[in-house]
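Survey of secondary and tertiary structure
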Amino acid sequence: MRNALIVAALLVSVSSSAPKKKKPAPSGSFTYYLLTLSWAPDFCAQPNAPKDPAECGPGKKIGFVVHGLWPQGDTGRGPESCGGSPVAQSIVQTMLPYIPTASLVQHEWKTHGTCSGLSAADYFGTVRRARDLVKLPAEFTSPAQAQSLKPAEIESAFAAANPTFPKEAFRTSCTAGALQEVRVCLNKDLTPRACTASAGECATPTLKVLPVK
């Protein structure tokens, strides 16, 4: 009997000390937006990436495209996949000049937009306004040759092209030593702001910036 009581007590102790799973953050629960601009030449060069000809077809000459507008937390990633119906085709067509493929439009809504607290129409309207706020540096419009740049040089080029933004509003991400994305930090009202550590930062000393083809 004594042994049974000890075992029961141990089970209660283990149960009470086990880490509890965090509940997902509710829709609209985030601090700021992360406008993520993907460098299409890098994405299209990935050997296992699904190649949509709308983005990666010969002669498209696509540089930066909108990957998404992500709800972000100061100390960690924001909520994801908060439920919702697929995006209407009328909205998809409106977004294709910004996000090059219909599948990515649907993915971004499902994964990030549904957690913004906005309707699909309002969310993608916010995506367009956010992208229109950011001016691309001239050297990234359609470079014909590969470049080698430090992450800080890329971020400084964006800061110089957008003098009303804090210099800390821009972050780079990279993959296999090449430029993958530039991330732009914006408040919920789309005013520019400094990024926090949760936005990430490429630690590679020098990045290869693939040419636009």
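Provided above is the structure to which this section pertains.
No experiment lies behind these values; they were computed from the predicted model shown.

Basis of the calculations
- Residues numbered from 1 in each chain as written.
- Predicted model: local features only at pLDDT ≥ 70, side-chain atom pairs only at ≥ 80, totals over all residues.
- Heavy atoms only, no water.
- Helix = DSSP H or I, 4+ residues; strand = E, 2+ residues; numbered from the N terminus.
- Contact = heavy atoms within 4.5 Å.
- Salt bridge = Lys/Arg side-chain N within 4 Å of Asp/Glu carboxyl O.
- Buried < 20%, exposed > 50% of the residue type's maximum accessible area, 1.4 Å probe, protein only.
- Disulfide = S-S within 2.5 Å.
- Pairing = 2+ DSSP bridges.
- Expected span 1.5 Å × (residues − 1).

**Thoughts on the overall build of the protein**
The helix and strand inventory of the protein stands at seven helices and six strands. Element order for the protein, N to C, with α for helix and β for strand: α-β-α-α-β-α-α-α-β-α-β-β-β. Long-range pairs, those at least 24 residues apart, make up 75% of the contacts in the protein between residues at least 6 apart in sequence.

**Regarding the pattern of salt bridges**
Tallying each qualifying case throughout the model produces four salt bridges. With its nearest N and O atoms 2.5 Å apart, the salt bridge here joins Arg77 to Glu80. A relative accessible area of 64% places Arg77 in the exposed class. For Glu80, a relative accessible area of 34% puts it in the partly exposed group. Where Glu181 meets Arg183, a salt bridge forms, and the shortest distance between an N and an O atom there is 2.9 Å. The burial state of Glu181 is the same as that of Arg183; both residues are buried.

**What about the state of the cysteines?**
The tally for this structure, following the rule as stated, stands at four disulfides. Disulfide partner of Cys82: Cys115, at an S-S distance of 2.0 Å. For the disulfide bridge between Cys82 and Cys115, the dihedral angle about the S-S bond is near 105 degrees, and by the sign convention the bridge is right-handed. Of this pair, Cys82 sits in the loop between β2 (64-72) and α4 (89-95) while Cys115 is found in the loop between α5 (102-111) and α6 (120-133), placing the two residues 33 residues apart along the sequence. The exposure class of Cys82 is partly exposed, given its relative accessible area of 30%. Disulfides within the protein link the bonded cysteines, taken in sequence order, as 1-2, 3-4, 5-8, 6-7.

**Comments concerning the side chain of Ser38**
Here Ser38 lies in strand β1 (residues 32-39). Excluding residues within four positions of it along the chain, Ser38 makes contact with Phe43, Gly63, Phe64, Val65, His67, Gln180 and Glu181.

**Details of the pairing of strand β5 (residues 178-186)**
When you tally the buried positions in β5, you get eight out of nine residues, the bulk of the element. Relative to β5, strand β4 (residues 170-175) runs antiparallel, the two being bridged by six bridges. Counterpart to Thr175 in the pairing with β5 is Ala178. In this antiparallel pair of consecutive strands, β4 and β5, the connection spans two residues, and Ala176 shows a positive phi of 50 degrees.

**Concerning unusual backbone geometry**
Notably, Ser81 is not glycine yet its phi reads approximately 50 degrees, a positive angle. Positionally, Ser81 belongs in the loop between β2 and α4.

**Let's talk about α6**
Helix length check: α6, at 14 residues, gives a terminal C-alpha distance of 20 Å against a target of 20 Å (1.5 Å per residue), a fit within 8%. Regarding α6, the residues found buried are Ala120, Tyr123, Phe124, Gly125, Thr126, Val127, Ala130 and Arg131. Buried residues along α6 sit against β1, β2, α4, α5 and β5.

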